[in-house]
Amino acid sequence: MKKNKGKVELRYYDIPQNEFLIALQGDSWKRKYGSRDKLMHFHNLLEIGVCRSGTGTMQMEQEKIPYRTGMITVIPPNYPHTTVSSEEGECFWEYLFVDTEKVLQTMYPEDILFQQKLLEKIHKSAYIGYEKDTPELSGIIHSIMEEMRNKPDMLYRDCVRGLILTLLINVARLHADPRTMPDGGLRHKNGFDQIRPALDYIRINYAQPMKISAVADSCHMSESHFRRLFEENISMTPVEYLNQVRIKKACELIRKTGSSMEEVALRVGFTTTSTFNRNFKRVTGLSPYQWKKQPDNYESRLTDCNILIEKGW
């Protein structure tokens with residue numbers, strides 16, 4: 001199987017069905033960052049990070065920002081970044097990855113326009129600051145992390161659901177407040193930013209019939225220019241990227257549902273089972289039926305194809 005050597009890597013976090021987020025916490029996140037994560041990466045979810053200890057550098061697209069203990073980062077989906085520890089030793093970061101759309105759809109099921117407006121504000125830009133600068137936001141983050149760390153009783157999900165909404169509203173306010181943005185808000189200005197609308201378009205519409213010309217339109221550019229810019233930044237064609245996103249979704253359905261392969265193929269956007277089977281094997285190296293029997297293979301297989309899949313825990 002051919003491995004794509006990309007400039008950036010999509011890290012796709014798989015949230016359990018009954019949750020709105022996953023929390024990456026504990027001693028396993030005390031490590032030397034950057035030693036194995038040499039590529040920039042972006043996520044399918046909103047990432048919230050807290051630096052518990054250590055120093056180093058955050059690479060945010062073209063900007064390098066020093067970090068130290070107490071830093072908070074809020075990074076929207078499809079925003080390239082990476083974390084590199086200083087030479088002194090290990091750092092300790094803890095993270096929340098939030099499915100913003102799922103939260104808003106659940107909280108405001110009848111008000112789609114409000115969902116969209118709030119989502120735009122939350123995903124407007126990345127924020128980097130320190131706990132002392134945003135004590136309310138920091139307090140909410142720590143409350144969520146403690147609930148997820150201890151899960152004291154069966155009510156923790158209800159507690160976390162309310163805290164998440166409060167967190168998202170605070171992030172939206174943070175981005176709407178011009179006093180917080182000159183130093184804390186980071187905006188894209190390079191080629192990746194120009195194709196970011198296409199990543200959002202594919203993420204939302206992957207299950208629908210899709211022409212690359214329509215994806216290019218989402219970026220307000222010609223198809224030829226879009227194809228060139230997309231491949232320069234992602235190191236794969238738009239069709240290859242679309243198929244990988246579809247196959248990732250197919251893997252989720254195979255693991256979580258009892259749907260037939262024909263149903264899975266249709267639900268992720270493939271019009272024929274033969275096309276689905278061909279693309280599934282091209283991405284994972286396995287047939288869908290082999291995959292179903294060996295689900296633990298999915299993380300390493302998809303890493304080879306520039307999509308790193310992380311299980312929720």
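The shown structure was predicted, so the numbers you read here are calculated from the model rather than taken from an experiment.

A. Quick look at the overall build of the protein. Each helix and strand counted, the protein has 13 helices and 13 strands in total. Counting only residues that meet the buried cut, the protein has 53% of its 313 residues in that class.

B. Examining the packing of helix α9 (residues 238-256) against helix α11 (residues 273-284) more closely. Running from amino to carboxyl end, α9 crosses α11 at an angle of 95°, the nearest separation of the two axes being 10 Å. Classified by the angle between their axes, α9 and α11 sit roughly perpendicular to one another. In contact with Asn-243, Gln-244, Ile-247, Ala-250, Cys-251 and Ile-254 of α9, α11 contributes Phe-276, Asn-279, Phe-280, Val-283 and Thr-284. For the contact of α9 with α11, the residue count by class is 7 nonpolar, 4 polar and no charged.

C. A look at the packing of helix α1 (residues 100-107) against helix α2 (residues 112-122). Running from amino to carboxyl end, α1 crosses α2 at an angle of 150°, the nearest separation of the two axes being 10 Å. Overall, the two elements α1 and α2 adopt an arrangement that is roughly antiparallel. As α1 packs across α2, the resulting crossing turns out to be right-handed. Contact residues: Thr-100, Glu-101, Leu-104 and Gln-105 in α1; Gln-115, Leu-118, Leu-119 and Ile-122 in α2.

D. Region of the structure containing the packing of aromatic side chains. Scanning the model with the defined rule gives 11 aromatic pairs in all. Where Tyr-67 meets Trp-93, the ring centres are 5.1 Å apart and the plane angle is 75°; that geometry is what we call edge-to-face. Highlighted residues: Tyr-67 in strand β7 (residues 63-67) and Trp-93 in strand β10 (residues 91-98), separated in sequence by 26 residues. Residue Tyr-67 is classed as buried on the basis of its relative accessible area, which comes to 3%. The class for Trp-93 is buried, based on a relative accessible area of 0%.

E. View of unusual backbone geometry. Phi is positive for Asn-78, close to 60°, though the residue is something other than glycine. Structurally, Asn-78 can be placed in the loop between β8 (71-75) and β9 (81-85). You will see that His-220, though not glycine, has its phi angle at about 60°, which is positive. If you trace the backbone, His-220 turns up in the loop between α7 (212-218) and α8 (223-234).

F. Geometry of the pattern of salt bridges. All chains considered together, the criterion is met by 12 salt bridges. Across the pair Arg-157 and Glu-19 runs a salt bridge, and its minimum N-O distance is 3.3 Å. Remark: Glu-19 occurs in the loop between β1 (8-14) and β2 (21-24) and Arg-157 occurs in helix α4 (residues 156-176); sequence separation between them is 138 residues. On the basis of relative accessible area, Arg-157 is assigned to the partly exposed category, the value being 32%. Among the salt bridges present, the one from Arg-52 reaches Glu-94, with a minimum N-O distance of 2.8 Å. With Arg-52 in strand β5 (residues 46-53) and Glu-94 in strand β10, this pair connects stretches of sequence that are 42 residues apart. Owing to a relative accessible area of 24%, Arg-52 belongs among the partly exposed residues under this scheme. A residue is classified by how much of its surface remains accessible, and Glu-94, at 2% relative accessible area, is buried. Three or more residues are tied together by salt bridges with common partners; here these are Arg-52, Glu-94, Glu-146 and Arg-149.

G. How the structure looks around the environment of Asp-193. Mapped onto the elements, Asp-193 comes out in helix α6 (residues 191-205). In sequence terms Asp-193 and Glu-61 are 132 residues apart; their C-alpha atoms lie 9.2 Å from each other.

H. Structural detail: the side chain of Asn-78. Of the residues examined, Asn-78 reaches a relative accessible area of 3% and is grouped as buried. A polar atom in the side chain of Asn-78 sits 2.7 Å from the side chain of Asp-200. Ignoring sequence-local partners within four residues, the contact set of Asn-78 consists of Phe-42, His-43, Phe-192, Arg-196, Leu-199, Asp-200 and Arg-203.

I. Spatial organisation of the nonpolar core. One finds Phe-42, Phe-226, Ile-234, Tyr-241, Phe-276 and Phe-280 to be the most contacted residues of the largest nonpolar core, which totals 40 residues. Those elements giving two or more residues to this core turn out to be β1, β4 (40-43), α6, α7, α8, α9, α10 (261-267) and α11. Per-element tally for this core: the top contributor is α9, with 8 residues. The contact partners of Tyr-241, leaving out residues within four places of it in the chain, are Leu-10, Phe-42, Leu-199, Ile-202, Phe-230, Ile-234 and Met-236. Formed by 32 residues, the second largest nonpolar core is a distinct cluster that contains Leu-96, Leu-119, Leu-167 and Ala-172.

What counts, and where the lines are drawn
Residues numbered from 1 in each chain as written. Predicted model: local features only at pLDDT ≥ 70, side-chain atom pairs only at ≥ 80, totals over all residues. Heavy atoms only, no water. Helix = DSSP H or I, 4+ residues; strand = E, 2+ residues; numbered from the N terminus. Buried < 20%, exposed > 50% of the residue type's maximum accessible area, 1.4 Å probe, protein only. Axes fitted to C-alpha atoms, helices over the stretch in contact; angles between N-to-C directions. Parallel < 35°, antiparallel > 145°, perpendicular 65-115°, else oblique. Contact = heavy atoms within 4.5 Å. Nonpolar A, V, L, I, M, F, W, Y, C, P; charged D, E, K, R; others polar. Left-handed = near helix turned anticlockwise from the far one by under 90°. Phe/Tyr/Trp six-rings, centres within 6.5 Å; stacked < 30°, edge-to-face > 60°. Salt bridge = Lys/Arg side-chain N within 4 Å of Asp/Glu carboxyl O. Polar contact = N/O pair within 3.5 Å; in protein donor to acceptor, adjacent residues only side chain to side chain. Core = buried A, V, L, I, M, F, W, Y, C linked by side-chain atoms within 4.5 Å.

Read these as geometric descriptors, not functional statements.
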